[in-house]
Amino acid sequence: MLAIGAHPDDIEIGGGGLLLGLAGNDLRARYVVLTGTPERQEEARNAAHSFMPNADLTLDLFDLPEGRLPAAWGSVKEILEDVARSCSPDLIIAPSSEDAHQDHRTIGELVPTVFRDQLYLAYEIPKWDGDMSRPSMYVPLSASIAQRKVELLHKCFPSQRARDWWDDELFLGLARLRGMECRARYAEAFRCAKSVILPAAYGSGAPQERDL
Ligand SMILES: [Zn+2]
């Protein structure tokens, strides 16, 4: 899988439960964060290893200017193109092109211009702008995974704990709401920005080989 974030903590807030769920399954993951001070990059590094403890993990941490990614459009595109040249993920999680935060939105607009034939799930991040939209994909989370996600958010991102919105109620409340929507206790929700279906997989016999 490929996980892309504008800022350290985006990937974990949006898809930390999914990462925890995938981490035990021979996961090979590429983890790319576009902005971050040295302190926050250290948090991102620690978080990636904490959320995907057994994964074969490649980290790419960049220091583009936070809050200014629209002006760094060319650099973002080059970074994503470099990633695309060196890996071919089955699954991409990244911000949404409909996200109200300019840095998230820039990445969400560029991902489908670089990655053409992958399952791309856009994660959601609660914010002051109130931009939550109607999700199309849900990943149910057990209570223990949901709790573990929140514990790791607090542990891995100490620089963010003083934010007035950063608390258990927000993270678990959103997960509970998304869980209710898919008849689970907790869930993470995504907007499916692209999915690729192989018709042969739905025929009478299982495909022997992916003939692409
Ligand atoms: Zn962010």
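This write-up is about the structure you can find in this document. Since the model is a prediction, treat every value here as computed from it, not as a measurement.

1. Comments concerning the overall build of the protein
A tally of regular secondary structure across the protein gives 6 helices and 7 strands. In the protein, the succession of helices and strands from N to C terminus is β-α-β-α-β-α-β-α-β-β-α-α-β. In terms of C-alpha radius of gyration, the protein reaches 17 Å, essentially the compact-globule figure of 17 Å for 212 residues. Burial status across the protein gives 48% buried among its 212 residues. Taking the contacts inside the protein whose residues are at least 6 apart along the sequence as the reference set, 78% of them involve residues at least 24 apart. Surface summary for the protein: the accessible area is close to 10,900 Å², and the carbon and sulfur share equals 49%. With 23 positive and 32 negative side-chain charges, the protein shows a spacing of 3 Å between the two charge centroids.

2. Structural notes on the sheet that holds strand S4 (residues 91–94)
Here 7 strands make up an open sheet; going across it, the order is S3-S2-S1-S4-S5-S7-S6 and the pairing mixed. Edge positions in the open sheet fall to strand S3 (56–64) and strand S6 (137–141), since each of these has one partner strand only. When strand polarity is set aside, the average angle formed by the axes of neighbouring strands in this sheet is 20°. Where helix H6 (residues 168–181) meets the sheet, its contacts fall on S6 and strand S7 (186–194), and the angle it forms with S7 comes to roughly 75°.

3. Some points on the packing of aromatic side chains
The final tally for this structure, using the stated rule, is 4 aromatic pairs. Aromatic pair Trp165 and Phe171: ring centres 6.4 Å apart, planes at 80°, arrangement edge-to-face. Side by side, Trp165 and Phe171 carry an identical accessibility label, which is buried. Both rings, one in Trp166 and one in Phe171, keep their centres 5.1 Å apart while their planes meet at 85°; by these two values the pair is edge-to-face. Each of the two residues, Trp166 as well as Phe171, counts as buried. A network of ring pairs unites the aromatic residues Phe157, Trp165, Trp166 and Phe171 as a single cluster.

Analysis parameters
- Starting from 1, residues in each chain are numbered consecutively following that chain's sequence as written.
- Given that the model is predicted, a residue must reach a pLDDT of at least 70 before its local features are reported, and side-chain atom pairs must reach 80 or more before they are shown or counted; all residues, however, enter totals for whole chains, interfaces and linings.
- Heavy atoms from the whole structure form the basis of all side-chain values; hydrogens and water molecules are not counted.
- Only runs of H or I of at least four residues qualify as helices and only runs of E of at least two qualify as strands under DSSP, and these elements are numbered from the N terminus.
- Within these notes, the globule rule equals 2.2 Å times the number of residues to the 0.38 power, and the radius of gyration is based on C-alpha atoms.
- Throughout, exposure labels follow a simple rule: accessible area from a 1.4 Å probe, protein chains only, divided by the maximum for the residue type, with under 20% read as buried, over 50% as exposed, and the rest as partly exposed.
- In this description, contact between two residues means that some pair of their heavy atoms is separated by no more than 4.5 Å.
- To be clear on the numbers: accessible area is Shrake-Rupley with a 1.4 Å probe, and residue cover counts the displayed protein chains and nothing else.
- We treat Lys and Arg as the positive residues and Asp and Glu as the negative residues; His and chain ends play no part in the count.
- In this description, the location of a charge corresponds to atom NZ of lysine, CZ of arginine, CG of aspartate or CD of glutamate.
- Any two strands with at least two DSSP bridges between them are considered paired.
- What counts as an axis is a line fitted to C-alpha atoms, over the stretch in contact for a helix, and the angles between N-to-C directions run from 0 to 180 degrees.
- Any two of the Phe, Tyr and Trp rings considered here, Trp counted by its six-membered ring, make a pair once their centres fall within 6.5 Å; the pair's planes then place it as stacked at under 30 degrees, edge-to-face at over 60, or tilted in between.

Shape descriptors only; they carry no functional weight alone.
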